[in-house]
Amino acid sequence: MHYFLTEEQQMIVDICRQIVNERIIPARAENDEKGIFPADIIKEIGQSDLFRLFIPEKYGGMGTGIFEVCLATEELSRGDLSVATTYAASGLGFIPILVMGSEEQKQKYLPALASGEKLAAFGLTESEAGSDASSIRTRAVKDGDSYILNGTKQWITNGGEAEIYTIFASTNPSRGARGISAFIVEKGTPGFEFGKKENKLGIRASATRELIFIDCRIPSENMLSSEGMGFITAMRTFDQSRPAVGAQAVGVAQAALEEAVNYSKIRHQFGQPISSFQAIQHMLADMATQIEAARALVYHAAKVTDSGEKNISKLSAMSKLFASDTAMKVTIDAIQILGGYGYMKEYPVEKMMRDAKITQIYEGTNQIQKNIIALELIKRGAL
Amino acid sequence: MIKIKIIVCIKQVPGTTEIKINPETNTLIREGIETVINAFDTYAIEEGVRLKERLLSNPETKEEVEVIAITMGPHQSESILREAISLGVDRAVLLSDRAFAGADTWATALTLQNAIKKFDDWRLVILGKQTLDGDTGQVGPELAQMFNIPFVGYASNILEINRTRMIVKRLMDDRYETFEIKLPAAISVGKEINIPRVPSLRGKLKAKNEQIPVWNKGELGLEDEKIGLSGSYTQVVKIFIPKTIHEVKMITGGPDEQAEELYGKLKELSIL
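What you see is a predicted model, and the numbers here were worked out from it, not measured in a lab.

Focus: the overall build of chain A
Check the secondary structure of chain A and you find 10 helices and 10 strands. In terms of overall dimensions, chain A has C-alpha extents of about 80 × 50 × 40 Å along its principal axes. The burial tally for chain A puts 56% of its 383 residues in the buried class. Of the contacts formed within chain A by residues at least 6 apart in sequence, a portion of 74% connects residues at least 24 apart. When the accessible surface of chain A is split by element, carbon and sulfur atoms take 53% of a total near 16200 Å². Separation between the mean location of the 41 positive side-chain charges and that of the 46 negative ones in chain A comes to 4 Å.

Right, here's the structure in full:
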């Protein structure tokens, strides 16, 4: 299939494909089974300049758009969604610095994130605050030139592995969402500790951990923008990052389709390959068509985002919603085509199904995506 | 201050395990076969780049290290030099001249030597331990002999390196050996030494735009009788793939009869 990529974009795809084939696929089953964080693979991704993509050149990046990030994310997800999640979560962690950070903050933090020397993480979710970000309980109280952080963040991707954390805390609880502020917190800051590692259904090789803040003193200069700007920072970050979640879903769905097509040609029943049965053919055709539609929507959302268009929430939400639902359906169908083998761990499709599920949940559940889409429709009309 | 130059010698070889030979001309059939960097040379490239990174992280040698890839071959060999650049090599030179054709290992080493001489301050030459087409493993030792510098073949770990000396561990059939050698020196490497990296995006972009100089016999100051076929002490007279004969015999009958017949046959073939 031709996606009219430039030479540079094709290079990104080729590099990712090589990492997938040579590094990710050989290690993924064991990493999944044992929950091993693939530090070597992440280092290789950094060495290949993939973390540089979206960061401007003046901060050590390559200044590409979200579209290029989506290409890289899709390919990495074809190999292992755990790796792609780790990659994308670092982006999610540094996009707040990109969109709301001061020049000093960008100079200080972005170069090491661009090179992949350090990973970033995004700390918003809490046990009682997921979709409803306004009910955040982590508090940041001003004390001289600092803020004192207290609270616990939950299910933070790259928790423990990342060096740089964007943390959302309430500086004024009476103002709800408008009282939330965002801070850059470095690993090793006294009072900042890591809690339990989560044992997950899928993306098991990615690190998901609690972040615990006990009287953690953060210099005021680490605040992103100003007090009360945290919620807007998070929403703007999600607008930019959601197409990449769509790309994750497209990648994992594509991988499942490839497994299903290959298997259907070698599996013989009733004296012929199962690919000769129309029941299987129609399933494959539906899977491929849905993936292609999801990919088109993700690429479109990414390109519109890159065009500088401001109102991207609806399209960005649509791409995440549609692609993740597609990934769930396609990976389940892939297991159906592989039958009993698909249900076994010897084949990778059961892992792909477990992995795909998270794309319907994280960075805003699909129900929240529908809220965003509907709200935009009602606010701005259907055009 | 001396700039440290690391020279990596690489070769383009057929990218297939099914090498075909033209029985009439006794040469490899290269048409329609994809060519790649000789597998062992990819470890040489990686080690060159790693040594550069290691030397750069040392305050004494910072900003003074350059990795240069060279290859001798037809103009198409430029593609492997570009690949080397995408993998972190700083620049590359192609040694290409019709007169280089037919060179044996000696004439190849002499040509490489004259190219390396043109660089000032080179301290180390890294080669793959052998090529997958010629398979001799001779060019490295010959090159070191011509320069009268130390040579360590099959290096598996560079324990220490600075401007003037290095400590190299190498893998032999039954033991490891560790040498401390003075630089300049040459080493050859195999797959034990590292895992070659995936190319970087900046490397690929640099490789695409890089001008790769081509040096011919004139630029290397080499006379015709020293290079190519005329400068070669050896010549491949005949090359062939050994014929293998497959014969299948089905053994029938009951288990006892089959076992007896099989035993007799194996005995007859001196296998038992």
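A closer look at helix α5 (residues 201–209) of chain B
Inspection of α5 of chain B places Leu 201, Gly 203 and Ala 207 of chain B among the buried residues, and these make up the whole buried set. Along the long axis of α5 of chain B, the arc covered by the buried residues comes to 160 degrees, so they all point the same way. In this structure, the buried residues of α5 of chain B make contact with α1 (7–34) of chain A together with α2 (78–86) of chain B.

Considering the interface of chain B and chain A
Every contact between the two is made by 12 residues of chain B and, on the other side, 17 residues of chain A. Among the residues of chain B in contact with chain A, Val 198, Leu 201 and Arg 202 of chain B are the three that bury the most area, contributing 50% of the side total. The interface formed by chain B and chain A holds two salt bridges in total. The shortest N-O distance in the salt bridge between Lys 208 of chain B and Glu 7 of chain A comes to 3.5 Å. Seen at the junction of chain B and chain A, the total is seven residue pairs in polar contact (both at pLDDT 80 or more). Of the residues contributing to the side of chain B that touches chain A, the split by class is six nonpolar, two polar and four charged.

A short note on the sheet that holds strand β9 (residues 151–161) of chain B
Residue and element names in this part refer to chain B. Pairing is mixed across the open sheet formed by nine strands, whose spatial order is β11-β10-β9-β12-β8-β1-β6-β7-β13. In this open sheet, the two edge strands, each paired with only one partner strand, are β11 (176–182) and β13 (214–215). The pairing of β9 with strand β12 (residues 185–189) spans three bridges and is parallel. The partner of Val 152 across the bridge, within β12, is Ile 187.

Here we look at the domain arrangement of chain A
Residue and element names in this part refer to chain A. Domain annotation of chain A identifies domain 1 (7–114), domain 2 (120–228) and domain 3 (231–380). On a C-alpha basis, the centroid separation for the pair domain 1 and domain 3 is 20 Å. On the domain 3 side, the residues contacting the 25 residues of domain 1 number 36 residues. Together, the buried faces of domain 1 and domain 3 total about 2400 Å²; carbon and sulfur atoms form 66% of this surface. Three residues stand out in domain 1 for area buried against domain 3, namely Phe 67, Glu 74 and Leu 81, and they jointly supply 25% of the buried area on that side. Across the contact surface, domain 1 and domain 3 share six salt bridges. A salt bridge links Arg 295 to Glu 74, with the nearest nitrogen and oxygen atoms 2.9 Å apart.

Section: the packing of helix α7 (residues 278–306) of chain A against helix α8 (residues 313–343) of chain A
Residue and element names in this part refer to chain A. For the pair α7 and α8, the least separation of the axes is 9 Å and the interaxial angle reads 160 degrees. Relative to α8, α7 is oriented roughly antiparallel. When you trace α7 past α8, the crossing you get is left-handed. A class-by-class count of the residues in the contact of α7 with α8 yields 18 nonpolar, six polar and two charged.

Observations concerning the packing of aromatic side chains
Centre-to-centre distance and the angle between the planes together describe a pair of aromatic rings. All told, the structure shown has 17 aromatic pairs over all chains when counted by the stated rule. Ring geometry for Tyr 263 of chain A and Tyr 341 of chain A: centres 6.2 Å apart, planes at 55 degrees, overall tilted. In this pair, Tyr 263 of chain A sits in helix α6 (residues 230–266) while Tyr 341 of chain A sits in helix α8, placing the two residues 78 residues apart along the sequence. Residue class for Tyr 263 of chain A comes out buried when judged on its relative accessible area of 7%. By relative accessible area, which is 39% here, Tyr 341 of chain A ends up partly exposed. In textbook terms, an aromatic cluster arises when at least three aromatic residues are bridged by ring pairs, as seen for Tyr 165, Phe 192, Phe 194 and Phe 213 of chain A. It is Lys 118 of chain B that lies over the ring of Trp 215 of chain B; its NZ or CZ is 5.0 Å from the centre.

Topic: the packing of helix α4 (residues 81–100) of chain A against α6 of chain A
Residue and element names in this part refer to chain A. Across the interface, α4 lies against α6 with an axial gap of 9 Å and an inter-helix angle of 150 degrees. Between α4 and α6, the angle is such that the two are roughly antiparallel. Crossing geometry of α4 relative to α6 is assigned as right-handed. For the pair α4 and α6, the contacting residues are Leu 81, Ala 84, Thr 85, Ala 88, Leu 92, Ile 95, Pro 96, Val 99 and Met 100 in the first and Ile 232, Thr 233, Arg 236, Thr 237, Phe 238, Gln 240, Ser 241 and Gln 248 in the second.

Here we look at the side chain of Thr 71 of chain B
All names here are of chain B. Here Thr 71 lies in strand β6 (residues 65–72). Only 2.7 Å separates the side chain of Thr 71 from the backbone oxygen of Ile 10, close enough to count as a polar contact. The residues contacting Thr 71, other than those within four sequence positions of it, are Ile 10, Lys 11, Gln 12, Ser 77, Ile 80, Leu 81, Val 93, Leu 94 and Leu 95.

Points about the pattern of salt bridges
Residue and element names in this part refer to chain B. Counted according to the given criterion, the structure contains 41 salt bridges over all chains. The salt bridge involving Glu 53 is made with Arg 197; its shortest N-O contact spans 2.8 Å. Taken together, the residues span a long stretch of sequence, with Glu 53 in helix α1 (residues 39–56) and Arg 197 in the loop between β12 and α5 at a distance of 144 residues. Exposure remark for Glu 53: the relative accessible area of 37% places this residue in the partly exposed category. Salt-bridge contacts for Glu 261 lead to Lys 249; the nearest nitrogen and oxygen are separated by 3.6 Å.

Criteria and cut-off values
- Residues numbered from 1 in each chain as written.
- Chains lettered and ligands numbered in written order.
- Predicted model: local features only at pLDDT ≥ 70, side-chain atom pairs only at ≥ 80, totals over all residues.
- Heavy atoms only, no water.
- Helix = DSSP H or I, 4+ residues; strand = E, 2+ residues; numbered from the N terminus.
- Buried < 20%, exposed > 50% of the residue type's maximum accessible area, 1.4 Å probe, protein only.
- Contact = heavy atoms within 4.5 Å.
- Areas by Shrake-Rupley, 256 points an atom, 1.4 Å probe, with all protein chains shown as cover.
- Lys, Arg positive; Asp, Glu negative; His and termini not counted.
- Charge placed at Lys NZ, Arg CZ, Asp CG, Glu CD.
- Arc of directions from axis to C-beta.
- Buried area = accessible area lost by both parts, 1.4 Å probe.
- Salt bridge = Lys/Arg side-chain N within 4 Å of Asp/Glu carboxyl O.
- Polar contact = N/O pair within 3.5 Å; in protein donor to acceptor, adjacent residues only side chain to side chain.
- Nonpolar A, V, L, I, M, F, W, Y, C, P; charged D, E, K, R; others polar.
- Pairing = 2+ DSSP bridges.
- Domains from an automatic or database assignment.
- Axes fitted to C-alpha atoms, helices over the stretch in contact; angles between N-to-C directions.
- Parallel < 35°, antiparallel > 145°, perpendicular 65-115°, else oblique.
- Left-handed = near helix turned anticlockwise from the far one by under 90°.
- Phe/Tyr/Trp six-rings, centres within 6.5 Å; stacked < 30°, edge-to-face > 60°.
- Lys NZ or Arg CZ within 6 Å of the ring centre and 35° of its normal.

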